[in-house]
Amino acid sequence: MKRATITLTLPLLFLAACGGGNDDGGITNPPPRTGFPITATNGLQVAQVTYQAAAASGEIAGLAGNTGLTGNSGGGLSKPGMAQQPAGAIGALLQKVPIPPTTLPCAISGTVTVSGNLADPSTVTAGDTLTIEYDNCDDGVGETLDGTLDTLIDAITGDVLSGIYEMTMSMDLINFQSTTATEVYMANGDATATINTLTPMYVAASVSGNSLLTDTNNSTETLTNFATAQTVDVSMSPSPFTLTASGTLDSSQLDGAVTYSTPVMLEGEDANYPNAGELLVVGEGSSARVIAQANGVDVVIEIYSNTTGTGTPDETIMTTWAELAGV
């Protein structure tokens, strides 16, 4: 299962969201397939694929700025380097906003072309737009970026350049591709993310959306009608995090589409896996309830022949977060 190589530290995980009025280049993602029964035979794989998609879904908020969530938002799905360049891209480029369009060299190879429409080039205000076009851009952080990111600042409080702000930003990703030594990740879709860093040492980030299609070396995923919210409080040690997620997932790794939600919020500490909370995955006339255990290592998956995940389970699968994460 290669999906685990695309991890919580990769903030360009492109989750599609409510359109922000940007031009998506005419890209239309196909609707999800119909559902299928979740059974004891496929329950572990369903939980694996869904958990990885749900856990990764909040990371697009990193494109709105340095969220502080990378490496702290649950799961130990660590992939160094991927967070640094995209997460800081907006703020760094705004410091030298070039209008008309200007092409800048990347640290190692390739270029990035930046253009925009800012009311005040010294800061960011609602209504500002920024277009970033990557051309095989390698900044030495372990990935090469290619494709276009269109952004619209919907609302902002504070100063994004200072790192203390609350901002809602809509983004269109057009053939947006990340290439590493082992994988190529392509996404098309649009996203709206909100990040709040107004309270020192505490970050809240959320993403909600309509549709996103992503392709990797081994699979294709479509997320629709989803919402993800994360928090991390680094003023405490260990640092607690929370994660809630819901949506519909159609993966080529599965026989059809499933819906998922967190009826009990997932919680944990530092870069560890959740030690509390539940993820409910619903298929055709069936469901799987993924239950975090207090040791932050083990997971219980309960399989039900109903869509509520209640009553007496038909089967129980004992596993670990590491197994669900595919690491």
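Remember, predicted model here, so these are calculated numbers, not experimental data. (Residues numbered from 1 in each chain as written. Predicted model: local features only at pLDDT ≥ 70, side-chain atom pairs only at ≥ 80, totals over all residues. Heavy atoms only, no water.)

A.B. asks: Which residues make up the overall build of the chain, and what are the values?
C.D. replies: Looking only at helices and strands, one finds three helices and 14 strands in the chain. Expressed as a percentage of its 327 residues, the buried residues of the chain come to 54%. Contacts in the chain between residues at least 24 apart in sequence constitute 57% of all its contacts with a sequence separation of at least 6. When the accessible surface of the chain is split by element, carbon and sulfur atoms take 52% of a total near 12,400 Å². (Helix = DSSP H or I, 4+ residues; strand = E, 2+ residues; numbered from the N terminus. Buried < 20%, exposed > 50% of the residue type's maximum accessible area, 1.4 Å probe, protein only. Contact = heavy atoms within 4.5 Å. Areas by Shrake-Rupley, 256 points an atom, 1.4 Å probe, with all protein chains shown as cover.)

A.B. asks: I'd like a rundown of the pattern of salt bridges, residues and numbers included.
C.D. replies: Under the counting rule described, the total for this entry stands at two salt bridges. The shortest N-O distance in the salt bridge between Asp 250 and Arg 33 comes to 2.8 Å. With Asp 250 in strand β9 (residues 240–251) and Arg 33 in the segment before α1 (43–56), this residue pair connects regions lying 217 residues apart in the sequence. The exposure class assigned to Asp 250 is buried, which follows from its relative accessible area of 10%. Note on Arg 33: relative accessible area 39%, which makes it partly exposed. (Salt bridge = Lys/Arg side-chain N within 4 Å of Asp/Glu carboxyl O.)

A.B. asks: Please provide a residue-by-residue account of the confidence of the model for the chain, values included.
C.D. replies: In the predicted model, the chain carries a mean pLDDT of 79, and 78% of its residues have values of at least 70. Contacts of residues 1–25 to residues separated by more than four positions or lying in other chains number 126 contacts, the stretch itself having pLDDT below 50. Predicted confidence for residues 66–89 stays below pLDDT 50, and this span has 82 contacts to residues more than four positions away or in other chains. (pLDDT = per-residue confidence, 0-100.)

A.B. asks: Please give an account of the side chain of Ser 178 that cites residues and values.
C.D. replies: Mapped onto the elements of the fold, Ser 178 is located in strand β5 (residues 164–179). Take Ser 178: its relative accessible area is 2%, and that puts it in the buried class. Here the side chain of Ser 178 touches Glu 143 through a polar contact of 2.7 Å, side chain to side chain. (Polar contact = N/O pair within 3.5 Å; in protein donor to acceptor, adjacent residues only side chain to side chain.)

A.B. asks: Give me the lowdown on the pairing of strand β7 (residues 202–215), citing residues and values where you can.
C.D. replies: Examined bridge by bridge, strand β6 (residues 184–196) and β7 share nine bridges and lie antiparallel to one another. When the bridges of β7 are listed, Met 186 appears paired with Asp 215. Hairpin connection, β6 to β7: the antiparallel pair is bridged by five residues, and Met 201 has positive phi, about 70°. Note that β7 and strand β8 (residues 220–233) share 13 bridges and pair antiparallel. Along β8, the bridge assignment pairs Ser 211 with Thr 224. (Pairing = 2+ DSSP bridges.)

A.B. asks: Tell me about the packing of aromatic side chains, and please be specific about residues and values.
C.D. replies: On inspection of all chains with the given rule, the structure shows three aromatic pairs. A ring pair is formed by Tyr 134 and Phe 176, whose centres lie 5.8 Å apart and whose planes are at 85°; its orientation type is edge-to-face. With Tyr 134 in strand β3 (residues 129–138) and Phe 176 in strand β5, this residue pair connects regions lying 42 residues apart in the sequence. Each member of the pair, Tyr 134 as well as Phe 176, is classed as buried. (Phe/Tyr/Trp six-rings, centres within 6.5 Å; stacked < 30°, edge-to-face > 60°.)

A.B. asks: Quick one: what's the story with the nonpolar core, residue by residue and with numbers?
C.D. replies: By size, the foremost hydrophobic cluster in this structure holds 57 residues, and its most contacted members are Tyr 51, Val 258, Tyr 260, Val 290, Ile 301, Trp 321 and Leu 324. Broken down by element, the residue count for this core peaks at seven residues, all from α1. In this structure Leu 324 touches Leu 44, Ala 47, Gln 48, Tyr 51, Gln 52, Val 290, Val 299, Ile 301 and Thr 319, once residues within four positions along its chain are discounted. (Core = buried A, V, L, I, M, F, W, Y, C linked by side-chain atoms within 4.5 Å.)

A.B. asks: Could you give an account of unusual backbone geometry, with specific residues and numbers?
C.D. replies: Residue Ser 237 is joined to Pro 238 through a cis peptide bond whose omega torsion reads 0°. Assignment of secondary structure puts Pro 238 in the loop between β8 and β9. Of note in this structure, Asn 175 is not a glycine but carries a positive phi near 50°. Tracing the backbone shows Asn 175 in strand β5. We note that Asn 225 has phi near 45°; this positive angle belongs to a residue other than glycine. Relative to the helices and strands, Asn 225 is located in strand β8. The exposure class assigned to Asn 225 is exposed, which follows from its relative accessible area of 57%.

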